[in-house]
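# Examination of the molecular architecture
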Amino acid sequence: MRKNKIKQMMLDGKPVINGWCTIPSTVSCEAMTQQGWDSLTIDMQHGLIDYSNALPMLQTISATNLTPLVRVNWNEPGQIMKILDAGCYGVICPMVSNKQEAEQFVKACMYPPKGYRSFGPVRGLMYGGADYPDHANDEILKIAMIETKESLEKLDEIMSTPGIDAIYIGPADLSLALGEKPGFDRPENSKAYSEILRILEHAKKNNIFAGIHNGTPEYSLKMIEKGFNFVTIASDLRFLSSEAKKNVDKIKGTEIKKERLLTAPVSPIEYGIYQMESHVVEELQNYCMDLFNDPMLEQRKFNSSTASHIEHQYIATDDINKTVTSCAKQLIKSMCPDIPDYLM
C-alpha cells in the first residue's frame with residue numbers, strides 16, 4: 001500500500017504544513033497542489049463541497065505527492081466510509097466530545113476486527129494499491145477535533161481511545177465553547193489560548209499527534225515552536241479573497257488618498273504616508289501588525305483589519321491607536337525626513 005507520507009513525517013518529528021480547500025473546484029484544488037503543501041484537506045463541513053465535488057478533487061490531489069485528507073461534516077459512519085473508499089488518506093472528524101464518540105469515529109475508519117468499516121474501497125485500491133485492505137487500518141489517519149465544552153473535560157478519555165492518531169483544534173468553535181468570540185490565532189491573554197496549550201500537553205502525554213487551524217503563517221510557526229505536529233494556514237478562499245483585496249486596495253487606496261489631499265484637510269500621518277513609496281507603506285503595515293500582536297497591548301480594543309488599511313485609517317480613539325500613532329510618527333519621520341516638523 002502507498003505509504004502515508006505525512007504520518008511518517010510526524011513520526012520522524014517533521015512538522016506537516018497542510019492546505020485547506022473549501023471551494024468546490026478541481027481548478028482551485030489543482031492550483032493549491034502547486035504551492036508546496038505537504039497535504040491538502042478537502043473541507044466537507046464548512047466548505048461548499050459535497051461528495052460529487054470531493055471525488056474529482058481527490059483525483060486531482062492524487063496526481064501529486066501531497067497526502068489527501070478530508071474533513072467530514074459529522075461523525076456519521078456511512079459518510080466516513082464512503083469518503084475513505086474514494087481514496088482519502090486521513091479523516092478529520094468534527095465535534096468529538098467523549099470516548100464513545102471517539103470510538104464510533106475510529107471504528108468507522110477501520111476494517112474488522114478493529115472496526116466495522118464495510119469493505120468496498122473502489123478508489124482506495126486504485127490510489128493505495130492492491131494490498132490496501134491489509135494496511136489501511138494502520139496507514140489511514142484518524143483525527144478527532146477538540147472544540148466542544150464537553151471535550152475539554154474529557155481530553156484523556158478521547159485521546160487514549162485506541163486508533164486515534166491525532167487531535168485537531170478548531171479555534172473558532174473552541175472559543176465559542178469558552179464564551180469568547182470565534183476566530184483564529186487566539187491572543188495569549190485569551191481563555192482559548194490557554195486551552196490550546198493544555199490540549200497540546202494532553203496530546204503529548206497520550207503520545208498522539210496534535211494539529212491546529214491558523215489564520216497566518218506567523219501564528220502557524222508559533223504553534224510549531226510550541227510543539228504542534230500539524231498546522232493548517234487559512235484556506236483557498238481566504239487566500240483568494242485577501243490577495244484580491246490587497247491588490248485592489250493598493251489601487252483604490254491611492255485614489256482615496258489623492259482625493260483626500262485635494263478635498264479635505266489631512267492629518268500629519270496621512271500626509272506622511274502619502275509621500276511614501278508603496279513598499280514603505282507595507283513596511284509600516286507590518287510594523288504596526290507587530291505592535292498589534294504584542295501581548296502587552298489590550299488586543300480586544302482594536303480590529304486587526306485596521307492594519308490592512310492603515311495607510312488611510314489613523315484616527316486615534318483609544319490607547320492602542322494612540323500607541324500605534326505615536327510609533328507610526330517616529331517611523332514616518334525616520335523614513336521621510338523631509339516632512340516638516342510642524343506636521344509631525
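Please refer to the structure placed before this passage.
A short tour of the structure in this document, coming up.

Analysis parameters
Residues numbered from 1 in each chain as written. Predicted model: local features only at pLDDT ≥ 70, side-chain atom pairs only at ≥ 80, totals over all residues. Heavy atoms only, no water. Helix = DSSP H or I, 4+ residues; strand = E, 2+ residues; numbered from the N terminus. Buried < 20%, exposed > 50% of the residue type's maximum accessible area, 1.4 Å probe, protein only. Contact = heavy atoms within 4.5 Å. Arc of directions from axis to C-beta. Polar contact = N/O pair within 3.5 Å; in protein donor to acceptor, adjacent residues only side chain to side chain. Pairing = 2+ DSSP bridges. Right-handed = clockwise from strand over helix to strand, strands pointing away. Axes fitted to C-alpha atoms, helices over the stretch in contact; angles between N-to-C directions. Left-handed = near helix turned anticlockwise from the far one by under 90°. Nonpolar A, V, L, I, M, F, W, Y, C, P; charged D, E, K, R; others polar.

## As for the overall build of the chain
Secondary structure assignment for the chain yields 17 helices and eight strands. Burial analysis of the chain (344 residues in total) assigns 50% to the buried set. Looking at the chain alone, contacts between residues at least 24 apart form 61% of all its contacts between residues at least 6 apart.

## Some thoughts on helix 5 (residues 99-109)
Note on helix geometry: an α-helix contains 3.6 residues per turn, so any two residues three or four positions apart are oriented the same way. Along helix 5, the residues classified as buried are Ala102, Phe105, Val106, Ala108 and Cys109. Along helix 5, the residues classed as buried sweep out an arc of 160 degrees about the axis, all on the same side. Summarising the contacts, the buried residues of helix 5 are in contact with helix 4 (77-85), strand 4 (90-93), helix 7 (132-139), strand 5 (141-146) and helix 9 (155-159). Measuring from the backbone nitrogen of Gln100 back to the side-chain oxygen at the start of helix 5 gives 3.2 Å, which picks out Asn98 as the cap.

## A short note on the pairing of strand 1 (residues 16-21)
By the criterion of burial, strand 1 is predominantly enclosed, with five of the six residues buried. In this structure, strand 1 lies alongside strand 2 (residues 39-43), joined through four bridges in parallel fashion. Each residue of the ladder has a partner; that of Gly19, found in strand 2, is Leu40. In this fold, strand 1 hands off to helix 2 (residues 26-33), which returns the chain to strand 2; that crossover is right-handed.

## Let's talk about the packing of helix 4 against helix 5
Their axes nearest at 9 Å, the elements helix 4 and helix 5 cross at an angle of 35 degrees. In the crossing of helix 4 with helix 5, the sense of the turn from one axis to the other is right-handed. Residues Pro77, Ile80, Met81 and Leu84 of helix 4 form the contact with helix 5, whose own contacting residues are Gln104, Phe105, Ala108 and Cys109. Of the residues belonging to the contact of helix 4 with helix 5, the class tally is seven nonpolar, one polar and no charged.

## Observations regarding the sheet that holds strand 4
Here eight strands make up a closed barrel; going around it, the order is 1-2-3-4-5-6-7-8 and the pairing parallel. When the angles between neighbouring strand axes are averaged without regard to direction, this sheet yields 25 degrees. Against the sheet, helix 2 engages strand 1 and strand 2, with an angle of about 165 degrees to strand 1.

## Points about the side chain of Gln79
Looking at the element boundaries, Gln79 is found in helix 4. In this structure Gln79 touches Val72, Asn73 and Trp74, once residues within four positions along its chain are discounted.

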